[in-house]
Amino acid sequence: MPVLLDPAQAPSLDELLAGANTQGLSWRIEQPGPAGGAGVNLPRVCGIGTLSGAGPSEISFLTNKRYQSQLLGTKAAAVIVPEQAIELLKPYGPLPFALVVSDQPYLLYARLAQWFDAARRPLPPAGVHPTAVVSADAHLEDGVSVGPHCVIESGARIGRGTILGPGCVIGEGSSLGPDCRLHARVTLYHGVTVGARAILHSGVVLGADGFGFAPDPTRSKGAWGKIPQLGGVRLGDDVEVGANTTVDRGALEDTQIADDVKLDNLIMIAHNVRIGAHTAIAGCVAVAGSAVIGERCIIGGSSAIAGHITIADDVTVSGKTGIFSSIAKPGHYTSVYPYSEHAQWQRNAAVIPHLADLRKRLRTLEKKSGGAS
């Protein structure tokens, strides 16, 4: 891949590791042997690449055994590897690249990628762009950067060091904690609270009305009357929300997204949903109103979560799975079923939970009758 830094700005491998956030990780550098020049200085590192694509000024990483065959042929200057890889490499003698041996190579790769991202994209300077509209009673703490054509309404509060990209709207009485990053065209309606260090990508909408309507026969047959949504939206610290994802405000109480939740692009979170800490939800998932999702859950893409159900902590849901009743135990849940005419689908679906028992009974009958098993 293209290098991320000009070679003149590139750090040496040890400088890179010292400058990156490696808190909680253990690592060590093993220098190239004679094939790479014994006693040579550590390489300067301009970027990060895959094992097959990295060049001689990049660092790569090995975290999946499926890619071990690419390790010996890589052109990378250095490779992050797990401890187990050392034994794998011993028979091949001196290597032409440095090794960074880590107890968590994938996380170390992520931390180095964060360092490169910050180095190649310096933060915008603090200040308010001349085209922005900021209410006189909005409160902006030190170091806030407000981009072109932003609107910050009455009573809004923006935490220290937070960055608003072009065209963001912060509604009346809403607040952002310190060190948040809002990309272009993020909208917070009124009464939305976002914690520290949030990342909100372009097109995110927090606090639109939940889908609440009551039948209103006083108007006409089939008519609907709007139920005002009086709650808000509350995001914890370290939450990331992907592009064009929406989180609706609660009907009476707040919709709540806990600390360190990660939401992908194009997700719909309905009113009064609660999502527990450290849960990750992939793209195109729909979560219906008043569902409660526990902590450390992983929800695969295009899944659907029914309303008014509860999902326990530590649940993994495979992609395209429909969850229509509560899940009380941790585990991995999957439901992918081809479409058919609805009545036929219902008849078939009723049999699915009993398939294993039916198979066992069928085999027993076959053995009794002398048929093939």
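Residues numbered from 1 in each chain as written. Predicted model: local features only at pLDDT ≥ 70, side-chain atom pairs only at ≥ 80, totals over all residues. Heavy atoms only, no water.

K.L.:
Please explain the overall build of the protein chain as it appears in this structure.
P.N.:
Helix and strand counts for the protein chain come out as six helices and 37 strands. The globule rule puts the C-alpha radius of gyration for 373 residues at 21 Å, and the 27 Å found for the protein chain is more than 25% above it. C-alpha atoms of the protein chain, sized along the principal axes, occupy 90 × 85 × 30 Å. Residues classed as buried in the protein chain amount to 39% of the 373 residues present. Considering only contacts in the protein chain between residues 6 or more positions apart, those separated by 24 or more positions represent 23%. (Helix = DSSP H or I, 4+ residues; strand = E, 2+ residues; numbered from the N terminus. Rg over C-alpha atoms; globule rule 2.2 N^0.38 Å. Buried < 20%, exposed > 50% of the residue type's maximum accessible area, 1.4 Å probe, protein only. Contact = heavy atoms within 4.5 Å.)

K.L.:
How should the environment of serine 60 be read in this particular structure?
P.N.:
Assignment of secondary structure puts serine 60 in strand β3 (residues 58–61). Along the chain, serine 60 and methionine 268 lie 208 residues apart, while their C-alpha atoms are 36 Å from each other. In contact with serine 60, not counting residues within four places along its chain, are Gly49, Thr50, Leu51, Ala54, Ala76, Ala78, Val79 and Ile80. For serine 60, the side chain forms a polar contact with the main-chain oxygen of threonine 50, separated by 3.5 Å. (Polar contact = N/O pair within 3.5 Å; in protein donor to acceptor, adjacent residues only side chain to side chain.)

K.L.:
Please clarify how the environment of leucine 263 should be interpreted in this entry.
P.N.:
Position of leucine 263 among the secondary structure elements: in strand β26 (residues 262–263). Contact partners of leucine 263, with chain neighbours within four places excluded, come to Glu240, Val241, Gly242, Thr245, Val247, Ile269, Ile275 and Ile281.

K.L.:
Help me understand the nonpolar core in this model?
P.N.:
Side chains that are nonpolar tend, in soluble globular proteins, to be buried together. The biggest cluster of nonpolar side chains holds 50 residues, and the ones touching the most others in it are Leu182 and Leu188. At the level of elements, β17 (192–194), β22 (233–235) and β35 (315–317) are the ones that each hand at least two residues to this core. (Core = buried A, V, L, I, M, F, W, Y, C linked by side-chain atoms within 4.5 Å.)

K.L.:
What am I meant to see in the packing of aromatic side chains here?
P.N.:
For any pair of aromatic rings, the description rests on two quantities: the centre-to-centre distance and the angle between the ring planes. Applying the stated rule across the entire model yields four aromatic pairs. Ring geometry for phenylalanine 61 versus tyrosine 109: centroids 4.0 Å apart, planes at 20°, classification stacked. Taken together, the residues span a long stretch of sequence, with phenylalanine 61 in strand β3 and tyrosine 109 in helix α4 (residues 105–120) at a distance of 48 residues. For phenylalanine 61, a relative accessible area of 18% translates into the label buried. (Phe/Tyr/Trp six-rings, centres within 6.5 Å; stacked < 30°, edge-to-face > 60°.)

K.L.:
Explanation requested: the pattern of salt bridges in the structure shown.
P.N.:
Oppositely charged side chains can pair when the atoms bearing their charge come close. Within the structure shown, the criterion is met by 14 salt bridges. Salt-bridge contacts for arginine 28 lead to glutamate 30; the nearest nitrogen and oxygen are separated by 3.1 Å. (Salt bridge = Lys/Arg side-chain N within 4 Å of Asp/Glu carboxyl O.)

K.L.:
How should I be thinking about the sheet that holds strand β18 (residues 199–200) in this particular structure?
P.N.:
Hydrogen bonding along the main chain pairs the strands of a sheet, whether they run parallel or antiparallel. Here eleven strands make up an open sheet; going across it, the order is β6-β9-β12-β15-β18-β23-β26-β29-β32-β35-β37 and the pairing parallel. Bordering the open sheet on either side are β6 (127–128) and β37 (331–333), each of which pairs with just one other strand. In this structure, strand β23 (residues 240–241) lies alongside β26, joined through two bridges in parallel fashion. In the sheet register, glutamate 240 faces β26, and the bridge partner there is lysine 262. (Pairing = 2+ DSSP bridges.)

K.L.:
What am I meant to see in the pairing of strand β5 (residues 98–102) here?
P.N.:
Remember that side chains alternate between the two faces of the sheet whenever the strand is regular. Within β5, five of the five residues are buried, which leaves the element mostly enclosed by the surrounding structure. The two faces of β5 match: Ala98, Val100 and Ser102 on one face and Leu99 and Val101 on the other face are all buried. Inspection of the sheet shows strand β1 (residues 27–30) paired to β5 by four bridges, in the antiparallel sense. Its bridge partner lying in β5, isoleucine 29 is registered against valine 100. In the sheet, strand β4 (residues 78–81) pairs with β5 via four bridges, with the strands oriented parallel. The partner of alanine 78 across the bridge, within β5, is alanine 98. Following the chain from β4 across helix α3 (residues 84–89) to the adjacent parallel β5, one finds a crossover that is right-handed. (Right-handed = clockwise from strand over helix to strand, strands pointing away.)

K.L.:
It is not clear to me how the sheet that holds β5 should be interpreted in this structure. Could you clarify?
P.N.:
Taking strand neighbours across the sheet as the criterion, the five strands line up as β1-β5-β4-β3-β2 in an open arrangement whose pairing is mixed. Each edge of the sheet is formed by a strand with only one pairing partner; in this case those strands are β1 and β2 (47–48). The sheet contact formed by β3 and β4 spans three bridges and is parallel. Its bridge partner lying in β4, phenylalanine 61 is registered against isoleucine 80.

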